[in-house]
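In case you want the letters, here they are:
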Amino acid sequence: MVLNKIAVFSQTLAMTQDELKTLVGQAALKYVVKGEIIGVGTGSTVNKFIDALATIKDSIKGAVSSSVASTEKLKAAGIPVFDLNDVEEIGVYVDGADEVTEGGFMIKGGGAALTREKIVAAQAKQFVCIADDSKWVSVLGNFPLPVEVIPMSAARIMRQFKAMGGDASIRMVNGSPLITDNGQYIVDVKGLKITHPVEFENQISQWPGVVTVGVFAVQRAHVCLLGGPTGVTTYTF
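The text that follows walks through the structure, step by step, so that each part is easy to find.

Rules of the game
Residues numbered from 1 in each chain as written. Predicted model: local features only at pLDDT ≥ 70, side-chain atom pairs only at ≥ 80, totals over all residues. Heavy atoms only, no water. Helix = DSSP H or I, 4+ residues; strand = E, 2+ residues; numbered from the N terminus. Rg over C-alpha atoms; globule rule 2.2 N^0.38 Å. Buried < 20%, exposed > 50% of the residue type's maximum accessible area, 1.4 Å probe, protein only. Contact = heavy atoms within 4.5 Å. Phe/Tyr/Trp six-rings, centres within 6.5 Å; stacked < 30°, edge-to-face > 60°. Lys NZ or Arg CZ within 6 Å of the ring centre and 35° of its normal. Disulfide = S-S within 2.5 Å. Pairing = 2+ DSSP bridges. Axes fitted to C-alpha atoms, helices over the stretch in contact; angles between N-to-C directions.

Some details on the overall build of the protein chain
(1) Moving on: When you go through the protein chain residue by residue, the secondary structure sums to six helices and 16 strands.
(2) Moving on: Taking 237 residues into account, the globule formula puts the C-alpha radius of gyration at 18 Å, and the protein chain, at 17 Å, falls close to it.
(3) Moving on: In terms of principal-axis extent, the alpha carbons of the protein chain reach across some 50 × 40 × 35 Å.
(4) Moving on: Within the protein chain, the proportion of its 237 residues that are buried is 51%.
(5) Moving on: Pairs at least 24 residues apart make up 72% of the contacts formed inside the protein chain by residues separated by at least 6 positions.

What follows is the structure, encoded as structure tokens:
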């Protein structure tokens, strides 16, 4: 792991979490290559990146998006959005994380877009993670692990996680199961400590009914930009 710090004026000491997200969103512009199509993730930190990307929109070809919400925000900013099937390769994919460890392993899916995020990440040469430093952890699992599942499999998958020591539940919105952009459910699992992310991801991905598990270990981050009291810290893995 290579670590380096971008010096930022002392006002960062008083920055809110929202302002830190703005800072890392702007810092991610460094990884945008002129004339290319950019992979764009989902979430509040990514929204700050989209705002920053809009300031240089005339220098890029457009974007590929991981969610309906991000697609709408990109289009509103005047950035063309391409279907991933029409793009052979993406130079860089920029997305947030719910947790990230040394090595670039992440938990993602708090915004329920994990499946499309993993698909776009798999097509990118470089994954740049942007987050505030509260997302940096030593072991994955404090944040409830999101798993996108086919609805008819939800009860069985929750029992399988219980057998592993996890406390699983279907994510609800206004009293009903949340439905993802893909028409599936999200199961959130508390109480896990994921010490071997690659092995864990491969194991859960094999369970019938699992669409995507929110551990990003195979599609891990190559660069992580973390906003904190001293500015933006850059980790490369």
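There is more to say after this.
Quick look at the environment of P144
(1) Moving on: On the secondary structure map, P144 appears in the loop between strand 7 (124-132) and strand 8 (145-149).
(2) Moving on: Among the residues examined, P144 registers a relative accessible area of 23% and is labelled partly exposed.
(3) Moving on: A C-alpha to C-alpha distance of 9.6 Å links P144 and G166, two positions 22 residues apart in sequence.

Re the packing of aromatic side chains
(1) Moving on: Under the counting rule described, the total for this entry stands at three aromatic pairs.
(2) Moving on: For the pair Y93 and F127, a centre-to-centre distance of 5.0 Å together with 75 degrees between the ring planes defines the contact as edge-to-face. Pair noted here: Y93 is in strand 4 (residues 90-95) and F127 is in strand 7, with a separation of 34 residues, a long-range link.
(3) Moving on: Under the relative-accessibility criterion, F127 is labelled buried at 2%.
(4) Moving on: Over the ring of F216 we find K108; its NZ or CZ atom is 5.4 Å from the centre of that ring.

Some details on the state of the cysteines
Disulfides are covalent bonds that connect the sulfur atoms of two cysteines.
(1) Moving on: This structure, assessed with the given rule, holds zero disulfides.
(2) Moving on: No disulfide involves C129; its nearest neighbouring cysteine sulfur is the one of C224, lying 3.7 Å away.

Focus on the sheet that holds strand 9 (residues 167-170)
Strand pairing within a sheet occurs via backbone hydrogen bonds; the two strands may be parallel or antiparallel.
(1) Moving on: Taking strand neighbours across the sheet as the criterion, the four strands line up as 9-12-8-13 in an open arrangement whose pairing is antiparallel. The sheet is open, and its two edges are formed by strand 9 and strand 13 (210-213), each paired on a single side. When strand polarity is set aside, the average angle formed by the axes of neighbouring strands in this sheet is 25 degrees.
(2) Moving on: As paired strands, strand 8 and strand 13 are joined by three bridges and run antiparallel to one another. Across the sheet, residue V149 finds its bridge partner in strand 13, namely V210.
(3) Moving on: Relative to the sheet, helix 4 (residues 114-122) contacts strand 8, strand 12 (185-190) and strand 13, its axis offset from that of strand 13 by approximately 70 degrees.

Digging into unusual backbone geometry
(1) Moving on: The backbone of A112 shows a phi angle near 70 degrees, a positive value even though the residue is not glycine.
(2) Moving on: By the element assignment, A112 lies in the loop between strand 6 (106-107) and helix 4.

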